[in-house]
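# Results of the structural survey
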Amino acid sequence: MDQQLARLLKNALDATEIREADDRVYFKVGDREKEIQKDFPLVIQVETSSYCNMICLGCPQKDMRRPRLFMELDLFKKIVDELSNHKSRVWLHYMGEPLMHPRIFELIELAAKKLSYFGMSSNGILLTRDRIERILDSGLHRFEISLDSLDPGLLDQLRPGGNPENIIENVHEFFRVKYDRGQKYPITSINYRELKENLRETGKFAAYWKKILREPDFVLAFPYERFGGHESAEHATYTVPHERRACLKLWNKVLILADGRLVACDAMFDGQVVMGDTRNSSIKEIWNSPTYHEMRQKHLEGRADELSICNVCDSWYREIGPKDFRNLTSENA
């Protein structure tokens, strides 16, 4: 096992039940089962669109200073060609709505031909019947629909910019069409952010969808993200401990912005810390670069406060703390 990776698991994270396979390392941090892919990121987000049609609470899209772009087809093809040689989980979204991309289904078609696993997320505004059919025909392995409430008034507060009644109906229509077709893929989740504003209705929300969704579809609950300390902590439902740990994201995730620049993690929404550019370098070259190695080393040595964004970020706790991504429709609630 790589020396830096071993130090992360044994010393910086107090990992247990470490098991090494040919291309991955499996372990536990507390009760949470985790994994790392050796020599290449396990999870890769490709920002197909940095345009968005909503202004959601807790999302820094509204404060972005970098240009809004749709990823060009040639750049996407270059990225996908490299990813086809690896077994990473690939997501075709980040700081924008993928369905706004005028050629999104061409990008999906390219991904379907090359990738072993890829998914995409949507806020539901553009889920017309035609797009629903195309998504179901696309070859996506996973599809996520963001929905934080069934109360139109609260949903409008949490995700302003769209008609909440229409969004809720679009979500229902998606599942009606999918189940009428008797289709398993893409496995679809309703993504529910746990905020102080909607926490009181979490049980009701889960119970409602539990009656409608069919396995393997589910409701995915996850903790509020502050994006490197940019967003207010007042909406969070958990408290981050004072003593921090090394951030696991530096060993298992990357984010490629719509213009091709690669940033170290999804907290760097404005491209504040660029590790390389996929237009003229491979992902693997950037991932194994001295710049990345130095950043990881500082985390291992407890010097994350010397790094921009990391010094104000609490995203590391989302990776290893007790608040995990949860399947609400499988819980006994």
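Residues numbered from 1 in each chain as written. Predicted model: local features only at pLDDT ≥ 70, side-chain atom pairs only at ≥ 80, totals over all residues. Heavy atoms only, no water.

It is worth spelling out helix α10 (residues 290–300) at this point. All of the buried residues in α10 are Y292, M295, R296, K298, H299 and L300. For α10, the elements touching its buried residues are α1 (3–12), α8 (249–252), β10 (253–256), β11 (261–263), β12 (274–277) and α9 (283–287). In the segment just after α10, G302 is the residue with positive phi, at about 70 degrees. (Buried < 20%, exposed > 50% of the residue type's maximum accessible area, 1.4 Å probe, protein only. Helix = DSSP H or I, 4+ residues; strand = E, 2+ residues; numbered from the N terminus. Contact = heavy atoms within 4.5 Å.)

We now examine unusual backbone geometry. Cis geometry marks the peptide bond from Y185 to P186; its omega dihedral reads 0 degrees. Mapped onto the secondary structure, P186 falls in the loop between α6 (164–180) and β8 (187–194). Here E215 and P216 are connected by a cis peptide whose omega angle stands at 10 degrees. Looking at where P216 falls in the secondary structure, it is placed in the loop between α7 (202–210) and β9 (218–223).

Attention now goes to the sheet that holds β11. The sheet built from 10 strands is open, its strands ordered β12-β11-β10-β4-β5-β6-β7-β8-β9-β13 with mixed pairing. Where the open sheet ends on each side, the last strands, each with one partner, are β12 and β13 (326–327). Pairing of strand β6 (residues 118–122) with strand β7 (residues 142–146), which is carried by four bridges, proceeds in the parallel orientation. In the strand pairing of β7, M120 is matched with F143. In the packing of α10 onto the sheet, contacts are made with β10, β11 and β12, and the angle to β12 comes to roughly 160 degrees. (Pairing = 2+ DSSP bridges. Axes fitted to C-alpha atoms, helices over the stretch in contact; angles between N-to-C directions.)

What follows covers the pattern of salt bridges. Per the stated rule, a full pass over the model turns up 37 salt bridges. Between E194 and R326 there is a salt bridge, with its nearest N and O atoms 2.3 Å apart. Here R326 lies in strand β13 and E194 lies in strand β8, a separation of 132 residues in the sequence. The residue R226 makes a salt bridge to D314 at a minimum N-O spacing of 3.3 Å. One end of the pair, R226, is in the loop between β9 and α8; the other, D314, is in the loop between α10 and α11 (315–320), with 88 residues separating them in the sequence. (Salt bridge = Lys/Arg side-chain N within 4 Å of Asp/Glu carboxyl O.)

Once that is clear, we can look at the packing of helix α2 (residues 73–83) against helix α3 (residues 104–114). At their nearest, the axes of α2 and α3 sit 10 Å apart, and the two run at 15 degrees to each other. The pairing of α2 with α3 is recorded here as roughly parallel in orientation. Seen along the crossing, α2 lies across α3 with a hand that is right-handed. Residues L73, F76, K77, V80 and D81 of α2 pack against E106, L107, L110, A111 and K114 of α3. By residue class, the composition of the contact of α2 with α3 is six nonpolar, no polar and four charged. (Parallel < 35°, antiparallel > 145°, perpendicular 65-115°, else oblique. Left-handed = near helix turned anticlockwise from the far one by under 90°. Nonpolar A, V, L, I, M, F, W, Y, C, P; charged D, E, K, R; others polar.)

It is worth spelling out the sheet that holds strand β2 (residues 24–29) at this point. Here we have three strands laid out as an open sheet, ordered β1-β2-β3, and antiparallel in their pairing. Two strands close off the open sheet at either side, each with one partner strand: β1 (16–20) and β3 (32–37). Between one strand axis and the next, the sheet turns by 15 degrees as a mean value, whatever way the strands run. Summarising the sheet, β2 and β3 pair through six bridges and their orientation is antiparallel. Each bridged residue has a counterpart across the sheet, and for R24 the counterpart in β3 is Q37.

Next up on the list: the side chain of K34. Here K34 is to be found in strand β3. For K34, a relative accessible area of 17% corresponds to the buried category. Here E319 takes part through its backbone oxygen, which lies 3.2 Å from a polar atom of the side chain of K34. Residues within four places of K34 in sequence aside, it is in contact with V25, Y26, F27, V29, L248 and E319. (Polar contact = N/O pair within 3.5 Å; in protein donor to acceptor, adjacent residues only side chain to side chain.)

With that out of the way, let us pick up the packing of aromatic side chains. Summed over all chains, the structure comprises 11 aromatic pairs. Measuring from ring centre to ring centre gives 4.7 Å for Y51 and F70, while their planes differ by 40 degrees; the resulting arrangement is tilted. Pair noted here: Y51 is in the loop between β4 (43–46) and α2 and F70 is in the loop between β4 and α2, with a separation of 19 residues, a long-range link. Relative accessible area serves as the criterion here: at 29%, F70 is assigned to the partly exposed category. Measuring from centroid to centroid gives 5.4 Å for F174 and F175, while their planes differ by 85 degrees, and the two rings are edge-to-face. Under the relative-accessibility criterion, F175 is labelled buried at 1%. (Phe/Tyr/Trp six-rings, centres within 6.5 Å; stacked < 30°, edge-to-face > 60°.)

Here we take up the confidence of the model for the chain. Looking at the chain, the pLDDT average stands at 92 and 99% of residues meet or exceed 70. In the model of the chain, β13 stands out as the element of lowest mean pLDDT, 83, in contrast to helix α4 (residues 129–136), which has the highest, 98. (pLDDT = per-residue confidence, 0-100.)

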